Amino acid sequence: MSDHRIFYRKEDTARYISHLDTMRTFQRALARAELGVRFTQGYHPHADVSILLPLPVGFSSRCEVLECTLLEGTDLERVSERLNAVLPRGLWVEGCAPREKAPKELTWVDYQITLEYDGGTPADWGEQVRALLAQESWVVEKKSKKARTGVTTLDLIPLIRSLTWKEEGDRVVLEGIFAAQNPGLNPQVLVDALAAARGELRSDYARFLRRSLLDSRGETFR
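Residues numbered from 1 in each chain as written. Predicted model: local features only at pLDDT ≥ 70, side-chain atom pairs only at ≥ 80, totals over all residues. Heavy atoms only, no water.

Chemist: Please set out helix α4 (residues 187–197) residue by residue, giving values where relevant.
Modeler: Inspection of α4 places P187, V189, L190, V191, A193, L194 and A195 among the buried residues, and these make up the whole buried set. The secondary structure elements touched by the buried residues of α4 are β5 (108–116), α3 (125–133), β6 (139–143), β8 (160–168), β9 (171–179) and β10 (205–214). Capping the start of α4, N186 holds a side-chain oxygen 2.8 Å from the backbone nitrogen of Q188, two or three residues further along. (Buried < 20%, exposed > 50% of the residue type's maximum accessible area, 1.4 Å probe, protein only. Helix = DSSP H or I, 4+ residues; strand = E, 2+ residues; numbered from the N terminus. Contact = heavy atoms within 4.5 Å. Polar contact = N/O pair within 3.5 Å; in protein donor to acceptor, adjacent residues only side chain to side chain.)

Chemist: How would you sum up the environment of K145? Please name residues and give values.
Modeler: Tracing the sequence through the fold places K145 in the loop between β6 and β7 (151–155). Assessed through its relative accessible area of 90%, K145 is described here as exposed. In sequence terms K145 and R202 are 57 residues apart; their C-alpha atoms lie 26 Å from each other.

Chemist: Explain a nonpolar patch on the surface to me, and be specific about the residues and the numbers.
Modeler: A surface patch of nonpolar side chains, about 330 Å² in accessible area, is lined by Y16, V57 and Y205. As for its position among the elements, Y205 is in strand β10. (Patch = residues over 30% accessible without salt bridge, like charges linked within 9 Å, V, L, I, M, F, W, Y side chains within 5 Å. Areas by Shrake-Rupley, 256 points an atom, 1.4 Å probe, with all protein chains shown as cover. Salt bridge = Lys/Arg side-chain N within 4 Å of Asp/Glu carboxyl O.)

Chemist: Any details on the packing of aromatic side chains? Residues and values, ideally.
Modeler: Scanning the entire structure with this criterion turns up five aromatic pairs. The interplanar angle of 15 degrees and the centroid separation of 4.4 Å between the aromatic rings of F59 and F208 together place this pair among those described as stacked. One end of the pair, F59, is in the loop between β2 (50–51) and β3 (60–68); the other, F208, is in strand β10, with 149 residues separating them in the sequence. F59 gets classed as buried once you look at its relative accessible area, which sits at 4%. We classify F208 as buried; its relative accessible area is 7%. These aromatic residues form a ring-pair network of at least three members: F59, Y111, F178 and F208. Note that R222 overlies the ring of F7, its terminal NZ or CZ placed 3.7 Å from the centroid. (Phe/Tyr/Trp six-rings, centres within 6.5 Å; stacked < 30°, edge-to-face > 60°. Lys NZ or Arg CZ within 6 Å of the ring centre and 35° of its normal.)

Structural data, given as structure tokens:
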């Protein structure tokens, strides 16, 4: 079990770095910053780091969490400075602190979704979305590596804690709090479900920003 958490942003071109490559980037950065960290055991030891909630490629985030165990005597207040000096553009460490809550306490994720429409948003966009959310259940299919068929079903309704939106000309900006895990709701699944249920809701472009991680009480997860 890791003892420390490094809190960082993933934006700009860094949002195209995959989950595994992000971990490798931090492993190299920890070495370059000369920060002592616990290593794995075995034939090929490496810095033992993990990312708490993998971020889909292409998504931006202001609240990523890297778990590791820094060696005794490390000045946690200087970790941000030392890592930011060696990390690539788009990865920015905002703090480092001892581990507080258990990973299972991570319950919700706060997202901002921006949908852009080249021809303008549908006149009844909000009414259509409200009708879909008012259903007792909204079951969709999504790809799954664990399912034997490669596809599994997901009921979106219990996975959405809240969803609001604002129409701004040729775009709609949504703010939603979605289930984080077991199962979690990837907002891309929601966007795809909107398009599948109502063709006119299909956007020409979508941007996703993860804004905060929350526990079951809606408080910031640390």
